[in-house]
Amino acid sequence: MSTGRFLPFMSSIIRAYYCYHGVARVANANNASERRRRFLRTTGAAAVGFVSAGCLGATSDGSEDAGGSSDSSSSTNSADSGGSGETTINWWHAMGGNLGETVDALAADFNEQSDGVTVETSYKGSYDETLNAVTSAIGAGEAPELAQIVDLGSRLAIDSGAFEPMEEALPSDRIDWSDFQDPVIDYYSFDDTVYSMPFNSSNPIFYYNKDMFEAAGLDPESPPETLAEVREASETIVDQGIAEQGITFANVSWFPEQWFAEANVPLVNKDNGRTTDPTEANLDTDTADRIFTWWADMHADGLYNHAGVGNWGAAQQAFLNGQTAMWISSTAGVASATAGAEENDFELGTGYYPTAGETRTGVVIGGASLWMTRGLSDEKKQGLTDFLLWLAEAEQQAFWHQNTGYFPISDSAVEYLDEDGWFDENPNFQTAFDQLQETEQTVATQGWQAGPASEVRTIIQDGYVSMINSDVTVDEKLASMKSEADDALESYIQSKGN
């Protein structure tokens, strides 16, 4: 596809997305190495104050607010390079606030030890704004060497032809792709080729108030494992007046998508959109009916707190303030949730994502990855290769995880953290890793891809609102949602000239 034809549908990709946040500030230091050491010392659930970045920065349509920063304007940071540098690598990203500070700290550390290569970071706003900036730059022939692109933007990035697959770009004798965690690397692989470097990865997790469980006579060490059990716990808690509602979570399509994956049912056809452009959404399945019937009934019976479309912050506050006893959100929220629980004087528990039935297959990765622009000079490609290989090392991945809550992308990084005692000191992070590592690798858990992913997600989210705010039945609305989603998928194919 030509760049000109790519831009019209690329520019509107992401309007509904997930939760992310940052959990530590970069300490002042005289050099990048000291900056890193201080960063690590001041990190962790016990050391951070409750922050509202990321999860609390979601906009009403479900898009994220670049790490919680309210300033969506572009900013560039030369990352305190130790020298002028003969080769400059421009890295455009969507990590605002504390996340952006962590990105800058990584770049500064690399620049200090690099010989002749300088990485300049440039914050371009939210995922949507960053993607628009990248696509505009592609059209103008001024694309950055490295771009962060949201997970569901992968199909569009591939269709653009503007990026070189990472597996082809990085020398095989300098990177061991088998060291990467399977669910993470599989998500960003298409046609058995790794197209981008995973960067900020997360998945959903179940949070609960152990004190409320104990007060209601529920086992605080045995959280619900299915949606049916979530309902039973909610009924017990609400009937005893322990909380106003049992559970809350933001109305985002990401959660139903996860329930499909757990049931091992692809959300769309064509191998979940992995082999070619999908043409149908599987919203007429028993799985869809089970999920949305449970969700609508929970609201109708006063057991579910509907925080609103894309309103991650309202859901988090309802849980931390004691309005609900349970909450579903991203694993990237573990550190801030732990700090928030301490602030509100209750013990936080975490569990695996509750399934829609008895089948538990696994969860899907969310987040974003790094893409290398095609056509770089030999010097720039070599410099960028050196940076990406350095960024993937265990020490850098541990640093990223501890300061943001996102997963380290490799098994070696997990071992590094384990040996350092990180999981012993922060057990709720262990829940997230166990869930990820126990995920079976199937078409469903690899995650769906489609050009009009943003539009399909909006259809799903708005469809639920219609279910709870009108007389339409779940079955009727699911049929309507499927028709709308199928039309969107077909329109995308036609726009490509297929």
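Analysis parameters
Residues numbered from 1 in each chain as written. Predicted model: local features only at pLDDT ≥ 70, side-chain atom pairs only at ≥ 80, totals over all residues. Heavy atoms only, no water. Helix = DSSP H or I, 4+ residues; strand = E, 2+ residues; numbered from the N terminus. Contact = heavy atoms within 4.5 Å. 1 Å grid on protein atoms, 1.4 Å probe; cavity = no way out; pocket = protein on both sides within 12 Å on 5 of 7 lines; lining within 4 Å. Points joined across faces, edges and corners; volume = space filled by probe spheres on them. Nonpolar A, V, L, I, M, F, W, Y, C, P; charged D, E, K, R; others polar. Pairing = 2+ DSSP bridges. Axes fitted to C-alpha atoms, helices over the stretch in contact; angles between N-to-C directions. Buried < 20%, exposed > 50% of the residue type's maximum accessible area, 1.4 Å probe, protein only. Phe/Tyr/Trp six-rings, centres within 6.5 Å; stacked < 30°, edge-to-face > 60°. Parallel < 35°, antiparallel > 145°, perpendicular 65-115°, else oblique. Left-handed = near helix turned anticlockwise from the far one by under 90°. pLDDT = per-residue confidence, 0-100. Salt bridge = Lys/Arg side-chain N within 4 Å of Asp/Glu carboxyl O.

1. Overview of the environment of Glu 347
Mapping Glu 347 onto the fold places it in the loop between α14 (334–343) and β13 (348–351). For Glu 347 and Tyr 208, which are 139 residues apart along the polypeptide, the C-alpha to C-alpha distance reads 8.7 Å. Filtering out sequence-adjacent residues up to four positions away, Glu 347 remains in contact with Tyr 208, Asn 209, Lys 210 and Asp 211.

2. Quick word on empty space enclosed by the protein
To find leftover empty space, a probe the size of one water molecule is rolled over the atoms. This structure, assessed with the given rule, holds one cavity of 30 Å³ or more. What lines the largest cavity is a set of 19 residues, and nearest its centre among them are Glu 257, Val 364, Ala 444, Gly 447 and Trp 448. In terms of residues, the lining of the largest cavity owes the most to one element, helix α10 (residues 254–262), which gives five residues. Here the lining of the largest cavity is composed, by residue class, of 13 nonpolar, three polar and three charged.

3. Description of the sheet that holds β13
A sheet is described by the order of its strands in space; here five strands give the open sequence β11-β10-β12-β9-β13, paired in mixed fashion. The strands lining the two open edges of the sheet, one partner per strand, are β11 (304–309) and β13. Direction aside, the axes of adjacent strands within the sheet are offset by 25 degrees on average. Note: strand β10 (residues 245–251) against β11, four bridges, orientation parallel. Its bridge partner being in β11, Asn 251 is matched across the sheet by Val 309. Set on the sheet, helix α20 (residues 453–469) makes contact with β10 and β11; between it and β11 the angle comes to about 135 degrees.

4. Observations concerning the environment of Asp 411
If you trace the backbone, Asp 411 turns up in helix α17 (residues 411–419). Setting aside its immediate chain neighbours within four residues, Asp 411 contacts Ser 178, Asp 179, Phe 180 and Gln 181.

5. A look at the pairing of strand β9 (residues 204–209)
Burial analysis of β9 places six of its six residues in the buried class, the great majority of the element. The side-chain alternation of β9 yields two buried faces, one formed by Pro 204, Phe 206 and Tyr 208 and the other by Ile 205, Tyr 207 and Asn 209. Here β9 runs beside strand β12 (residues 324–330); their pairing, made up of five bridges, is antiparallel. Within the sheet, the bridge partner assigned to Ile 205 lies in β12 and is Ser 329. Pairing analysis gives four bridges linking β9 to β13, with the strands arranged antiparallel.

6. Things to note about the layout of surface pockets
Its volume calculated, the second largest pocket comes out at about 260 Å³. As for the second largest pocket, its lining consists of 15 residues, of which Pro 223, Thr 350, Gly 351, Tyr 352 and Thr 431 are closest to the centre. Counting residues per element, the lining of the second largest pocket draws most heavily on β13, which supplies four residues. Its residues assigned to classes, the lining of the second largest pocket comprises six nonpolar, five polar and four charged.

7. A few points about the packing of aromatic side chains
Throughout the structure, instances matching the rule amount to 33 aromatic pairs. Taking the centre distance of 4.4 Å and the plane angle of 25 degrees together, the rings of Phe 199 and Trp 400 count as stacked. Residue Phe 199 is found in strand β8 (residues 197–202), and its partner Trp 400 is found in helix α16 (residues 394–404); the two are separated by 201 residues along the sequence. Residue Trp 400 is classed as buried on the basis of its relative accessible area of 0%. Three or more aromatic residues joined by ring pairs form one cluster here, namely Phe 249, Trp 254, Phe 255, Trp 259, Phe 292, Trp 294, Trp 295, Tyr 304, Trp 312, Tyr 353 and Tyr 464.

8. A word on the packing of α16 against α17
For the pair α16 and α17, interaxial distance at closest approach is 8 Å and the crossing angle is 70 degrees. Comparing their axes, α17 and α16 come out roughly perpendicular. Between α16 and α17 lies a crossing of right-handed hand. Contact residues: Ala 394, Glu 395, Gln 397, Ala 398, His 401 and Gln 402 in α16; Ser 412, Ala 413, Tyr 416 and Leu 417 in α17. Class assignment for the residues of the contact of α16 with α17 results in five nonpolar, four polar and one charged.

9. Some remarks on the confidence of the model for the protein chain
With 83% of its residues at a pLDDT of 70 or more, the protein chain has an overall mean of 85. Predicted confidence is poor over residues 1–73, with pLDDT under 50, and the contacts of this stretch with residues over four places away or in other chains come to 241 contacts.

10. Some points on the pattern of salt bridges
This structure, assessed with the given rule, holds 13 salt bridges. Among the salt bridges present, the one from Arg 231 reaches Asp 301, with a minimum N-O distance of 2.5 Å. Of this pair, Arg 231 sits in helix α9 (residues 227–239) while Asp 301 is found in the loop between α12 (286–300) and β11, placing the two residues 70 residues apart along the sequence. Members of the salt-bridge network, linked through shared partners, are Asp 159, Asp 277 and Lys 496.

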